[in-house]
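Examining the three-dimensional arrangement
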Amino acid sequence: MFRTISIHIYYLLIAGFLVISCKTKLPETPLAEVIPQELSIHGDTRVDNYYWLNNRDNPKVIEYLEAENAYTKAMLKHTENFQEILFNEIKNRLKEDDQSVPVLDNGYYYYTRFETGKEFPIHCRKKGNLDAEEEIMLDVNKMAEGYGYFHVSDLSVSPDNVYLAFGVDTLSRRKYTLYFKNLETGEILSQAIPLTNGYAVWANDNRTVFYTSKDDITLRSDRVWRYTVGEDIGTRREVYFEADETYSVGVGKTKSKKYIGIFISSTLSDEVRFVDANKPCGDFLVFQQRERNLEYSVDHYMDKFLIRTNLNAENFRLMETPVSRTGKANWKEVVPHRVDVLLQGMQVFKDFLVLSERKNGLTQIKIMPWDKSEPHYLDFGEETYSAFALNVPDFESKLLRYAYSSLTTPGSTFEYNMETRDKTLLKQEEVLGDFNPDNYEAKRLYATALDGTKIPISLVYRKGLELNGNNPTLLYGYGSYGYSQDARFSIARLSLLDRGFVYAIAHIRGGQEMGRYWYEEGKLLNKKNTFTDFIYCAKYLIEEKYTNPSLLFAQGGSAGGLLVGAVANMAPELFRGILAAVPFVDVVTTMLDETIPLTTSEYDEWGNPNDPVFYEYMLSYSPYDNLEAKNYPAMLVTTGLHDSQVQYWEPAKWVAKLRVTKTDNNPLLLYTNMEAGHGGAAGRFRRLREVAMEYAFMLDLAGIKKE
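Keep in mind the model is a prediction, meaning the values are calculated, not measured.

**Quick notes on the overall build of the protein**
- The helix and strand tally for the protein stands at 13 helices and 38 strands.
- Relative to the globule expectation of 27 Å for 707 residues, the C-alpha radius of gyration of the protein, 26 Å, shows essentially globular dimensions.
- Expressed as a percentage of contacts within the protein between residues at least 6 apart in sequence, the contacts between residues at least 24 apart total 56%.
- Counting every atom, the protein has about 29100 Å² of accessible surface; 48% of that belongs to carbon and sulfur.
- The distance from the centre of the 80 positive side-chain charges to the centre of the 97 negative ones in the protein is 2 Å.

Structure follows, in structure tokens:
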């Protein structure tokens, strides 16, 4: 029988940092109270001993999380100096007084800057040219004073440049209050709208805005409202309500500024409704009614709409239709479907169409002149990288901006003349200190999965690495929602590379690196491919002598936390340690609870466990439900009390159950940020504290004490 202890007793024990023995000097391990809860469906009954942790209003829950935090602090106490060194090392590489590349929009140059020692951005603009007087729209540092968490959402300025709309979240639950500021007088209007997604779209009359509100329980964006800025909130009008709980809604404006759209989406289906931006009180018209498995997005160009769609095209294709005839029967092909190229997106200019594509796991940017002259691709010149087109508000512009980064190249912003094909580096992330990209090497390798599929791996290390099997290695993965994990630069990661670490990204199925089929083969009843792909990537790195199981670490967050949680059950012997951030580990219970944010909208990703077929399959891999009495790697699990995407209780329950189930003495640590949510701490430097803690945890386990 497993030993249990009163939560009040163990909290007092660890708060005093009492030790188990004089030799180990370890603090008392927190053990959560066992309160069995039977969960029955399809004739199957599961007993969840820690179900009670899902009530954040229960003082015992907070006591338990604080107890775990105190335990983690005590267990990592010997690394505190190292954490401080790592924190300052990373922080000192950052250019603190930094500024974004200004973007010209409607006569103003907009940019964001940071000041030395300050956590938050300052949003600014200049009228006409960059030598004009700076106008500070929002100084988030001043706004955030007195808050444990503070985040400002996307800013949106009225067409006449007078009003600013912005959202504020002070809890990290993604419940934004929408505010309006008169940029001429500096006054923030008294009318504030709570429970929104924090973004407003302006009609062309300069006073009407459209925004979405959220269901207070599920946090699903389900309603679209029309509001006249400055009027009483009671005058707002609901223009759309989405009753289907598997769909959510958003609002946007075409680049031409002529149409405002309502975008209604589920995992496998889209519906767009639009209205003339000059007639905001008109009725929204349905572009194309939703159909199961029909996905599409729309932008406007001249007298037609452009449609990116999967209609008879697994990897998507580009279509067009006249403004007056929008139904799919009128769509005509512009760019055909290609079996080896995924069409990811588009950006429309007066003289050019810019396509974002993905081939062989890498992003491509294609320039297509509207005059039918020869299209061309941008050349990036590296083996593995990340590149994407940036939004350019000016429809008339011949200048495209794009972001570029690789595992060895800091984030860079380029301006590319689509007519002359000249490119200019506008800004590259400055790395202070003695950083030299020539000291590092990046590669693209391929592991062979269980079913013979070739899985790409991007990796980077400091030159001079010996393939002797003794290199500490961090393997990162995600593999869900079709989100592709591109190879990007990280200033913080240098602290690992310079201490001999190899960093690798497993481009496993569930993303879209290799096309849409890559996603289809890693979701629903194919989900286990995601986990076995990662395992075989780990085995490949061991076989190729990059590392060995005593020096290999796994990292994943959110759905990537599900990945590393499942892998910990399936192949714990391959890893020395695991970093699991906000991990989605209680899959079955969460997906059966329709009151939890994201549940119903994600049935097409994970399956609906009310169906016994999906229930049994989910149950077969859910990390929480498959813990066994065996040895597990060391683990550092992080979460946020206010997380709206993966609720804090999933990692808390997982750790509580793992403590009384595993048979090893490896460290098992849970850290809960009591002021944050899914994205962790707010502010540039606060986040680095958590990174330093994670790095110190790994480096300590790897036996690397170099400070």
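Alright, that's what it looks like, and here's the rest.
**Here we look at the confidence of the model for the protein**
- Across the protein, the average pLDDT comes to 93, with 95% of residues at 70 or higher.
- Long-range and interchain partners of residues 1–24, a stretch whose pLDDT sits below 50, account for 40 contacts in this model, where long-range means more than four residues apart.

**Details of the pairing of strand β17 (residues 270–276)**
- Counting buried residues in β17 gives five out of seven residues, a clear majority hidden from the surface.
- Note: strand β16 (residues 259–265) against β17, seven bridges, orientation antiparallel. In the strand pairing of β17, Ser265 is matched with Asp270.
- The hairpin formed by β16 and β17 contains four residues between the paired strands.
- When β17 meets strand β18 (residues 285–288), the two strands line up antiparallel, connected through three bridges. Bridging from a neighbouring strand, Phe274 pairs with Leu285 of β18.

**A short note on the side chain of His376**
- Relative to the helices and strands, His376 resides in strand β26 (residues 376–377).
- Separated by 3.3 Å, the side chains of His376 and Arg421 make a polar contact.
- Residues contacting His376, with those up to four places away along its chain left out, are Ile365, Lys366, Ile367, Tyr416, Met418 and Arg421.

**Topic: the pattern of salt bridges**
- Under the defined criterion, the tally for this structure stands at 42 salt bridges.
- As a salt-bridge pair, Lys398 and Asp351 come within 3.1 Å of each other at their nearest N and O atoms. Within this pair, whereas Lys398 is found in the loop between β27 (386–389) and β28 (399–405), its partner Asp351 is found in the loop between β23 (342–348) and β24 (352–359), the two being separated by 47 residues in sequence.
- With a relative accessible area of 28%, Lys398 lands in the partly exposed category.

**Section: the nonpolar core**
- Counting 117 residues, the largest nonpolar core has Leu475, Phe501, Phe534, Met635, Phe697 and Met698 as its most contacted members.
- Considering every element that reaches this core, the biggest residue donor is helix α13 (residues 684–701), with ten residues.
- Every residue in contact with Met635, bar those within four places of it in the chain, is listed here: Ala568, Ile578, Trp654, Leu658, Pro667, Leu668, Leu669 and Phe697.
- Among the nonpolar cores identified, the runner-up in size contains 17 residues, and Val354, Leu362, Phe380 and Leu400 belong to it.

**Things to note about the packing of helix α2 (residues 59–75) against helix α12 (residues 649–661)**
- Direction vectors running N to C along α2 and α12 enclose 65°, while the axes themselves pass 12 Å from each other. In terms of their interaxial angle, α2 and α12 are classed as roughly perpendicular. Crossing hand, α2 versus α12: left-handed. When α2 is examined against α12, the residues Tyr64, Leu65, Glu68 and Tyr71 are found in contact with a partner set consisting of Ala652, Val655, Ala656 and Arg659.
- Of the residues contributing to the contact of α2 with α12, the split by class is six nonpolar, no polar and two charged.

**Some words on helix α8 (residues 559–570)**
- For α8, with twelve residues, the first-to-last C-alpha span of 17 Å sits near the 16 Å given by 1.5 Å per residue.
- Within α8, eleven of the twelve residues are buried, leaving the element largely enclosed by the surrounding structure.

So, how was this worked out
Residues numbered from 1 in each chain as written. Predicted model: local features only at pLDDT ≥ 70, side-chain atom pairs only at ≥ 80, totals over all residues. Heavy atoms only, no water. Helix = DSSP H or I, 4+ residues; strand = E, 2+ residues; numbered from the N terminus. Rg over C-alpha atoms; globule rule 2.2 N^0.38 Å. Contact = heavy atoms within 4.5 Å. Areas by Shrake-Rupley, 256 points an atom, 1.4 Å probe, with all protein chains shown as cover. Lys, Arg positive; Asp, Glu negative; His and termini not counted. Charge placed at Lys NZ, Arg CZ, Asp CG, Glu CD. pLDDT = per-residue confidence, 0-100. Buried < 20%, exposed > 50% of the residue type's maximum accessible area, 1.4 Å probe, protein only. Pairing = 2+ DSSP bridges. Polar contact = N/O pair within 3.5 Å; in protein donor to acceptor, adjacent residues only side chain to side chain. Salt bridge = Lys/Arg side-chain N within 4 Å of Asp/Glu carboxyl O. Core = buried A, V, L, I, M, F, W, Y, C linked by side-chain atoms within 4.5 Å. Axes fitted to C-alpha atoms, helices over the stretch in contact; angles between N-to-C directions. Parallel < 35°, antiparallel > 145°, perpendicular 65-115°, else oblique. Left-handed = near helix turned anticlockwise from the far one by under 90°. Nonpolar A, V, L, I, M, F, W, Y, C, P; charged D, E, K, R; others polar. Expected span 1.5 Å × (residues − 1).

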